[in-house]
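# Observations on chain architecture
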Amino acid sequence: MNNVFNENGARDIWFTLKEDFVSQFKRRQPKWGPVGYVTYKRTYSRQSSNGKSEEYWQTVRRVVEGVFTIQKRHCHINNLPWKESKAQKSAQKMYQLMWDFKFTPPGRGLWMMGTDAVYDKGISALVNCSFISTENIDIDFAEPFTFMMDMSMLGVGVGSDVKGAGKITIKKPKEYDETFVVPDTREGWVELLRMLLNAFVGKNPLPKNIDYSEVRPFGTPIKGFGGTASGPGPLIELYDNIYNLLMTRIGEKITETDIVDIHNYIGRCVVSGNIRRSAQIIFGNPDSDEFLNLKNPELYKEELMDRRWASNNSVFATVGMDYSKVAELTAKNGEPGYVWLDNAKNYGRMNGIKNTEDSRINGFNPCGEIVLENSEMCNLSESYPSNHDSLEDWINTLKYAYMYSKTVTLLPSHNKYSNAVMMKNRRIGLSVTGIVQAFKKFGRREVLNAFDKGYNRVREWDKTYSDWLCIPRSIKISTAKPSGCQIPQTKIKTSEGIKTLEQIFMENGVLLSDKVFEIGTWYDVKKAIFVIDENDNSSKITKLFINGFEPTIEMIIDDGTTIECTENHRFKMKDGSWKQAKNIKENDEFM
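The following paragraphs examine the structure supplied in this document. (Residues numbered from 1 in each chain as written. Predicted model: local features only at pLDDT ≥ 70, side-chain atom pairs only at ≥ 80, totals over all residues. Heavy atoms only, no water.)

With that settled, the discussion passes to the overall build of the protein. Helices and strands together make up the secondary structure of the protein, namely 19 helices and 22 strands. The buried share of the protein, reckoned over its 591 residues, is 55%. Intrachain contacts of the protein at a sequence separation of at least 6 include 70% that bridge at least 24 residues. (Helix = DSSP H or I, 4+ residues; strand = E, 2+ residues; numbered from the N terminus. Buried < 20%, exposed > 50% of the residue type's maximum accessible area, 1.4 Å probe, protein only. Contact = heavy atoms within 4.5 Å.)

Next up, the structure:
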């Protein structure tokens, strides 16, 4: 893909915050939580040209200038009005709101917005999630799997399905006496996978030899996206695993199991890429015993440990269906999950009003909070109402959270099928963190009323900005995500003694130090382990969740132990009630 801003000299156009404004932040720090600064430096601070890592004032500057540079270039390319003084005022306001933690882009935005990788490659480095269906694999067998590989290597969570099962027959690949040299790029890895898959449906022959010598060795820095290289090992394993799988299926129709296993092999490969992640969700039919049992540890323990941990498997449930068979498996292993696609197609907000504007959706992102069409991606932003002095103040902040996300949609991706959907839908997800804290500060009814008012206000802004930028209004503008967590060092009483959360993750194949860019990612539990409560009752851990970067607080209890957690993490009090950490006071007793 060529530079997305080559047209009409746009590459030479930049937006820059005034130096006298930025200078007031240069020797300051925002109000970090106890470990906020350390988390920021480790996770979102990029290396500057002088070899030093950014300070927060530099990160916010990069992000804000990136947002307004994209807007300015869009207006230049399309010969639209641009007022520098108005943009400067808005940019300074956005900067201040990010500095005060009243809103933030997603972690991906903090890391990538304003970098050359975004200007060169487009939207994919900024989006959070995507969906790809296998329904049309009889037309393009490789596309769903190469999409999964491509997006996952960029750190994008991907949802998929098994609708392609039975639609193509696996053929024995023809070979030719040549050597394919794998380029040392993300695109090169994806092309190798595409060539391999297409060989099994007769679209191209397979070279007898694959040369991985150009793939950079393990530990080599990756300049564009950041992190270090995994070396060729994971790619070699991926090629061999998929080749061996499909060779056993020659002459047979592709199955749901085959589809899930190919996706999961891809996930296993990508996880090996240091900062890269693999957040997958695969959707199936609740009436399919084959799909329901794919992660049944009594039937497929070896497969589960090897690769099937890579995806969360869920079913497309329907209202009124018999849940008993599916629920038994959920109780045993925490999966499958349930999504109601028909409800999502027929309703927008959960207010009982039917709305079929988004009826073309095919699935969801890995956390299930974003509905998506085939090949579509979505980008998010986060606001914090309890960090405001008033709810009207928070509503005004939504304008800038909206502005960030809408600006991201001005960029194309490198996938033409994605562009065909995204340029039409302009889907974004404005999210809220700290709802309970906001209830406590402002009152529950007042907050709920403000949510409705804020939603309607954002719709008005969307009309205004979409008309100015001459693009479609966003088909969806809001979302919700899970939050409320403890830090990796938190100690948990388990059936195997006291363990930290970090240990529990590590024992299940998840190294948290390699997952610093993950937000909203679920992981399967590979090793059976039980949490022991205050009454010595045990509960099996069925899922692990990485929530991402959140402000934390510290509490010191009477035995001298320090507990650190997010403000909305709940604790069971001695009287049996539950309190969030932020609301616990001195001398409160909890279990």
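So, on to unusual backbone geometry. Residue asparagine 79 is not a glycine yet carries a positive backbone phi of 55°. Tracing the chain through its elements places asparagine 79 in the loop between helix 3 (56–77) and helix 4 (84–99). With phi around 50°, arginine 426 is a residue other than glycine that occupies positive phi space. Relative to the helices and strands, arginine 426 is located in the loop between helix 16 (416–425) and strand 12 (428–432). Accessibility expressed as a relative area gives 9% for arginine 426, which makes it buried.

Running from N to C, helix 3 and helix 4 cross one another at 145°; their axes reach a closest spacing of 10 Å. Between helix 3 and helix 4 the crossing geometry is right-handed. Packed against helix 3, whose contacting residues are Tyr56, Trp57, Val60, Arg61, Val63, Val64, Val67, Phe68 and Lys72, the element helix 4 presents Glu84, Ala87, Ser90, Ala91, Met94, Tyr95, Met98 and Trp99 at the interface. Looking at the contact of helix 3 with helix 4 residue by residue, the classes come out as 13 nonpolar, 1 polar and 3 charged. (Axes fitted to C-alpha atoms, helices over the stretch in contact; angles between N-to-C directions. Left-handed = near helix turned anticlockwise from the far one by under 90°. Nonpolar A, V, L, I, M, F, W, Y, C, P; charged D, E, K, R; others polar.)

Another aspect to go through is helix 4. Quick reminder: α-helices carry 3.6 residues per turn. Residues three or four places apart thus point the same way. If you check helix 4, its first and last C-alpha atoms are 22 Å apart, about what 16 residues at 1.5 Å a residue would give, namely 22 Å. For helix 4, every residue scored as buried is listed here: Ala87, Gln88, Ser90, Ala91, Met94, Tyr95, Leu97, Met98 and Trp99. The elements touched by buried residues of helix 4 are helix 1 (19–22), helix 3, strand 1 (103–104), helix 5 (107–112) and helix 15 (391–408). Downstream of helix 4 by a residue or two, phenylalanine 101 has a phi angle that is positive, lying close to 55°. (Expected span 1.5 Å × (residues − 1).)

This part takes up the environment of lysine 440. Inspection of the secondary structure puts lysine 440 in helix 17 (residues 435–442). For lysine 440, a relative accessible area of 60% puts it in the exposed group.

If you walk through the whole model with that rule in mind, you get 32 salt bridges. Between lysine 102 and aspartate 393 there is a salt bridge, with its nearest N and O atoms 3.2 Å apart. On the criterion of sequence distance, the pair formed by lysine 102 in the loop between helix 4 and strand 1 and aspartate 393 in helix 15 is long-range, its members being 291 residues apart. Taking the relative accessible area as the measure of exposure, lysine 102 reaches 14% and is therefore buried. (Salt bridge = Lys/Arg side-chain N within 4 Å of Asp/Glu carboxyl O.)

Take the side chain of arginine 308 next. Topologically, arginine 308 is positioned in the loop between helix 12 (297–306) and strand 7 (311–316). A polar contact is formed between the side chain of arginine 308 and the side chain of aspartate 261, at a distance of 2.8 Å. Here leucine 294 takes part through its backbone oxygen, which lies 3.1 Å from a polar atom of the side chain of arginine 308. (Polar contact = N/O pair within 3.5 Å; in protein donor to acceptor, adjacent residues only side chain to side chain.)

Time to look at the packing of aromatic side chains. Enumeration according to the criterion identifies 28 aromatic pairs in this entry. Ring centres 5.1 Å apart and planes at 70° place the aromatic pair tryptophan 32 and tyrosine 56 in the edge-to-face group. Residue tryptophan 32 is located in the loop between helix 1 and helix 2 (36–43), and its partner tyrosine 56 is located in helix 3; the two are separated by 24 residues in the primary sequence. Centre to centre, the rings of tyrosine 402 and tyrosine 465 are 5.9 Å apart; their planes meet at 65°, and the pair counts as edge-to-face. Remark: tyrosine 465 occurs in helix 18 (residues 444–469) and tyrosine 402 occurs in helix 15; sequence separation between them is 63 residues. Directly above the aromatic system of tyrosine 119 lies the positively charged group of arginine 73, at a separation of 4.7 Å from the ring centroid. (Phe/Tyr/Trp six-rings, centres within 6.5 Å; stacked < 30°, edge-to-face > 60°. Lys NZ or Arg CZ within 6 Å of the ring centre and 35° of its normal.)

For the pair helix 8 (residues 186–199) and helix 9 (residues 233–247), the least separation of the axes is 11 Å and the interaxial angle reads 10°. Viewed along their axes, helix 8 and helix 9 adopt a mutual orientation that is roughly parallel. Here helix 8 and helix 9 pass one another in a crossing that is right-handed. Here helix 8 contributes Trp189, Leu192, Leu193, Leu196 and Leu197 to the contact with helix 9, which in turn contributes Leu235, Tyr239, Ile242, Tyr243 and Leu246. (Parallel < 35°, antiparallel > 145°, perpendicular 65-115°, else oblique.)

Before going further, it helps to spend a moment on the environment of serine 466. Relative to the assigned elements, serine 466 resides in helix 18. Judged by relative accessible area, serine 466 falls into the buried class, the value being 1%. The residues contacting serine 466, other than those within four sequence positions of it, are Tyr402, Lys406, Ile471, Pro472 and Arg473.

Ranked by internal contacts, the top residues of the largest apolar core, which has 122 residues, are Met94 and Met149. The dominant element in this core, judged by the number of residues it contributes, is helix 15, at 10 residues. Leaving out residues up to four positions away in the same chain, methionine 94 has contacts with Val64, Val67, Phe68, Phe103, Tyr400, Met403 and Tyr404. (Core = buried A, V, L, I, M, F, W, Y, C linked by side-chain atoms within 4.5 Å.)

Once that is clear, we can look at the state of the cysteines. As used here, a disulfide is simply a covalent bond connecting the sulfur atoms of two cysteines. On inspection of all chains with the given rule, the structure shows 0 disulfides. Free of any disulfide, cysteine 367 has its nearest neighbouring cysteine sulfur in cysteine 129, separated by 8.3 Å. Summary of cysteine pairing: cysteine 470 is not part of a disulfide, and the nearest cysteine sulfur, belonging to cysteine 75, is at 8.6 Å. Judged by relative accessible area, cysteine 470 falls into the exposed class, the value being 57%. (Disulfide = S-S within 2.5 Å.)

Looking now at the pairing of strand 5 (residues 206–211). Here 5 bridges tie strand 4 (residues 175–181) to strand 5, and the two strands are oriented parallel to one another. By the bridge assignment for strand 5, threonine 179 is matched with asparagine 209. The parallel pair strand 4 and strand 5, bridged by helix 8, forms a crossover whose chirality is right-handed. (Pairing = 2+ DSSP bridges. Right-handed = clockwise from strand over helix to strand, strands pointing away.)

Time to look at the environment of serine 418. In this structure, serine 418 sits in helix 16. Given the relative accessible area of 0%, serine 418 is considered buried. Counting along the chain gives 271 residues from serine 418 to phenylalanine 147, while the straight-line C-alpha distance between them is 9.9 Å. Setting aside chain neighbours within four positions, we find serine 418 in contact with Phe147, Ser375, Met377 and Ser413.

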